[in-house]
Amino acid sequence: MTTTEAPLSVDKPRSPGRPAARRSNFELYSWVFMRLSGVVLLFLVLGHMLIMLFLDGGVHRINFAFVAGRWASPFWQLWDLTMLWLAGLHGGNGLRTVINDYSRSDRTRFWLKMLLYCSIVLTVVLGTYVLFTFDPNIS
Amino acid sequence: MTAPTTDANSDTATVDLPSDAPPIPEGATMVTVKIERYNPEVDDDLHWESYRIPALPSDRVLNLLHYIKWYVDGTLTFRRSCAHGVCGSDAMRINGVNRLACKVLMKDMFAKKGETTITVEPIKGLPVEKDLLVNMEPFFEAYKAIKPYLVTTGNDPTRERIQSVAERERFDDTTKCILCAACTTSCPVYWSEGSYFGPAAIVNAHRFIFDSRDEAAEERLDILNDIDGVWRCRTTFNCTDACPRGIQVTKAIQEVKRALMFRRR
């Protein structure tokens, strides 16, 4: 009887090549969100830039009083709040896709995403806090 | 065969014609074929090598590769089988775009002025085994993962499974795929992230998702709904441009996205 060096069993037989689908709609919703928020942001951001940079003397008239005057109106507060949240999440989700596409190792991907999520939370929460607690009479 | 001579203008070696090469046919033009080569037993990395060989306007790029392999350097390695654009073996990057070497005619490749240079590289995103031959296993792994076969429940019908002309037309475009990997390896997302299913796998999923006789559409949609599925597509249309069968690949991917968005469950 002859013997061979080759193992008689296959290492990890029928091991799946990739993990089973998670049955989650997260990627679908994030894709739809990018399209919808993009359209809304187009109006919000262009409108914001038009007001802040071009109309009525543009950027030269911006000072504390101008911002205080604008935020006295709930309309502009809501405008800025929507813009802040949509831009933060839209840009953050875009960067998430870029990190998913380009990071090679799982560890790099994980830490880059953590850094990204922290900066999104920080920006959005800080912005929201300022918008709601803004005091025009601050000394 | 003569020894490779180094070209003064570049760092790549140009190989001359051997003395026992067949006579140059009438109407042939000398062209330079620059091939990205790699021999895992000798080379540390991929490198370019140039060959000056005669080409007829009726030649295909595959004929030029054959000429090099048969008369200049027998170690040149590449896949080809039918040589008529049906088997899908000889997908490669020709002048920077993915094409089947057997479907690119030389008369479309000649430079308007000066001498013609054609660059040939292995398709990107898959591990190079030797010269133009890549390991296709990751490509077929993604293909197998989307269940590219008819799935039905219940007893098999005693006669054929009936399908109307309109129902057949629905997925006609994606039945043309020959699995050459030209689309998948032209996709920038696939280059940087190999776990993405890639256009070819999605095309073959589309072929069954929209087949009225198949019953596993939901299962395939679930697979393509995950992080490595259709939502990775950036609609750069490289795949549609690369497909040698003229399949509207990006359109097929978008149709799967639409099916996911409007499905009920």
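None of these values were measured; they are calculated from a predicted model. (Residues numbered from 1 in each chain as written. Chains lettered and ligands numbered in written order. Predicted model: local features only at pLDDT ≥ 70, side-chain atom pairs only at ≥ 80, totals over all residues. Heavy atoms only, no water.)

## Some points on the pattern of salt bridges
All names here are of chain B.
For step 1, the next point in the chain: All told, the structure shown has 22 salt bridges over all chains when counted by the stated rule.
For step 2, the next point in the chain: A salt bridge links Asp172 to Arg168, with the shortest nitrogen-to-oxygen separation between them at 2.9 Å.
For step 3, the next point in the chain: Here Asp211 and Arg213 are joined by a salt bridge, their closest N and O atoms 3.0 Å apart.
For step 4, the next point in the chain: Asp211 gets classed as buried once you look at its relative accessible area, which sits at 3%.
For step 5, the next point in the chain: Owing to a relative accessible area of 26%, Arg213 belongs among the partly exposed residues under this scheme. (Salt bridge = Lys/Arg side-chain N within 4 Å of Asp/Glu carboxyl O. Buried < 20%, exposed > 50% of the residue type's maximum accessible area, 1.4 Å probe, protein only.)

## Quick word on helix α5 (residues 199–209) of chain B
It helps to recall that an α-helix has 3.6 residues per turn; residues three or four apart then point in one direction.
All names here are of chain B.
For step 1, the next point in the chain: Most of α5 is tucked away, with 11 of its 11 residues classed as buried.
For step 2, the next point in the chain: Every buried residue belonging to α5 is among Pro199, Ala200, Ala201, Ile202, Val203, Asn204, Ala205, His206, Arg207, Phe208 and Ile209, and all of these are buried.
For step 3, the next point in the chain: Residues of α5 that are buried in the fold lie against α2 (137–145), α6 (217–225), α7 (238–242) and α8 (249–261). (Helix = DSSP H or I, 4+ residues; strand = E, 2+ residues; numbered from the N terminus. Contact = heavy atoms within 4.5 Å.)

## Structural notes on the nonpolar core
All names here are of chain B.
For step 1, the next point in the chain: By size, the foremost hydrophobic cluster in this structure holds 75 residues, and its most contacted members are Ile35, Ile53, Leu224 and Val256.
For step 2, the next point in the chain: Among the elements that make up this core, the one with the highest residue count is helix α1 (residues 61–72) (seven residues).
For step 3, the next point in the chain: The two domains that each donate at least three residues to this core are domain 1 (5–133) and domain 2 (136–261).
For step 4, the next point in the chain: In this view, Ile35 contacts His47, Trp48, Glu49, Tyr51, Leu65, Ile68, Leu76, Val120 and Leu132; residues no more than four positions away in its chain are not counted. (Core = buried A, V, L, I, M, F, W, Y, C linked by side-chain atoms within 4.5 Å. Domains from an automatic or database assignment.)

## Remarks on the UniProt feature "transmembrane region" (unreviewed entry) in chain A
All names here are of chain A.
For step 1, the next point in the chain: Per the UniProt entry, the sites bearing "transmembrane region" (unreviewed entry) are residues 32–55, 75–93 and 114–134 in this numbering.
For step 2, the next point in the chain: Helix and strand shares over residues 32–55 are 96% and 0% respectively, and the end C-alpha atoms of the span are 33 Å apart.
For step 3, the next point in the chain: Secondary structure content for residues 114–134 is 95% helix and 0% strand, while the C-alpha to C-alpha distance between its ends is 29 Å. (UniProt positions renumbered as here; feature names shortened; annotations may be inferred.)

## A closer look at the interface of chain A and chain B
For step 1, the next point in the chain: Contact residues are listed per partner, giving 19 residues for chain A and 23 residues for chain B.
For step 2, the next point in the chain: For the pair chain A and chain B, the summed buried area comes to about 1900 Å², and 45% of that belongs to carbon and sulfur atoms.
For step 3, the next point in the chain: Contact with chain B buries area across many residues of chain A, yet Arg18(A), Trp31(A) and Asp101(A) alone supply 37% of it, more than any other trio.
For step 4, the next point in the chain: On the surface where chain A and chain B come into contact, there are two salt bridges.
For step 5, the next point in the chain: Linking Arg232(B) and Asp101(A) is a salt bridge whose minimum nitrogen-to-oxygen distance equals 3.5 Å.
For step 6, the next point in the chain: Connecting chain A to chain B are five residue pairs in polar contact (both at pLDDT 80 or more).
For step 7, the next point in the chain: Taken together, the elements giving at least two residues each to the side of chain A that touches chain B come down to α1 (26–54) and α3 (74–102) of chain A.
For step 8, the next point in the chain: Of the residues in the side of chain A that touches chain B, the class split is six nonpolar, six polar and seven charged. (Buried area = accessible area lost by both parts, 1.4 Å probe. Polar contact = N/O pair within 3.5 Å; in protein donor to acceptor, adjacent residues only side chain to side chain. Nonpolar A, V, L, I, M, F, W, Y, C, P; charged D, E, K, R; others polar.)

## Describing the side chain of Asp80(A)
For step 1, the next point in the chain: Looking at the element boundaries, Asp80(A) is found in helix α3.
For step 2, the next point in the chain: Asp80(A) has contacts with His48(A), Arg70(A), Trp71(A) and Leu131(A), leaving out every residue within four places of it along the chain.

## Some thoughts on the side chain of Arg96(A)
For step 1, the next point in the chain: Mapped onto the secondary structure, Arg96(A) falls in helix α3.
For step 2, the next point in the chain: If we skip the residues at most four places from it in the chain, Arg96(A) touches Phe26(A), Glu27(A), Ser30(A), Lys113(A), Leu116(A) and Tyr117(A).

## Side note on the packing of α5(B) against α6(B)
Packed helices, taken two at a time, are described by the angle between their axes plus the distance between the axes.
All names here are of chain B.
For step 1, the next point in the chain: Taken N-terminus to C-terminus, the directions of α5 and α6 make an angle of 155 degrees; their axes are 9 Å apart at the nearest point. When the axes of α5 and α6 are compared, the pair comes out roughly antiparallel. Helix-helix and strand crossings are classified by hand; for α5 and α6 the assignment is left-handed. Along its contact with α5, which presents Ile202, Ala205, Phe208 and Ile209, the element α6 presents Ala217, Arg220, Leu221 and Leu224.
For step 2, the next point in the chain: For the contact of α5 with α6, the class distribution of residues is seven nonpolar, no polar and one charged. (Axes fitted to C-alpha atoms, helices over the stretch in contact; angles between N-to-C directions. Parallel < 35°, antiparallel > 145°, perpendicular 65-115°, else oblique. Left-handed = near helix turned anticlockwise from the far one by under 90°.)

## Some remarks on the domain arrangement of chain B
All names here are of chain B.
For step 1, the next point in the chain: According to the domain assignment, chain B contains domain 1 (5–133) and domain 2 (136–261).
For step 2, the next point in the chain: On a C-alpha basis, the centres of domain 1 and domain 2 stand 32 Å from each other.
For step 3, the next point in the chain: Taken residue by residue, the interface counts 17 residues in domain 1 and 16 residues in domain 2.
For step 4, the next point in the chain: With both sides pooled, the region where domain 1 packs onto domain 2 buries about 1300 Å², and carbon together with sulfur makes up 59% of that total.
For step 5, the next point in the chain: Interface area lost by domain 1 to domain 2 is led by Asn98, Lys124 and Leu126, which between them contribute 37%.
For step 6, the next point in the chain: Where domain 1 touches domain 2, the interface holds one salt bridge.
For step 7, the next point in the chain: We note a salt bridge from Asp241 to Arg99, for which the minimum N-O separation is 3.7 Å.

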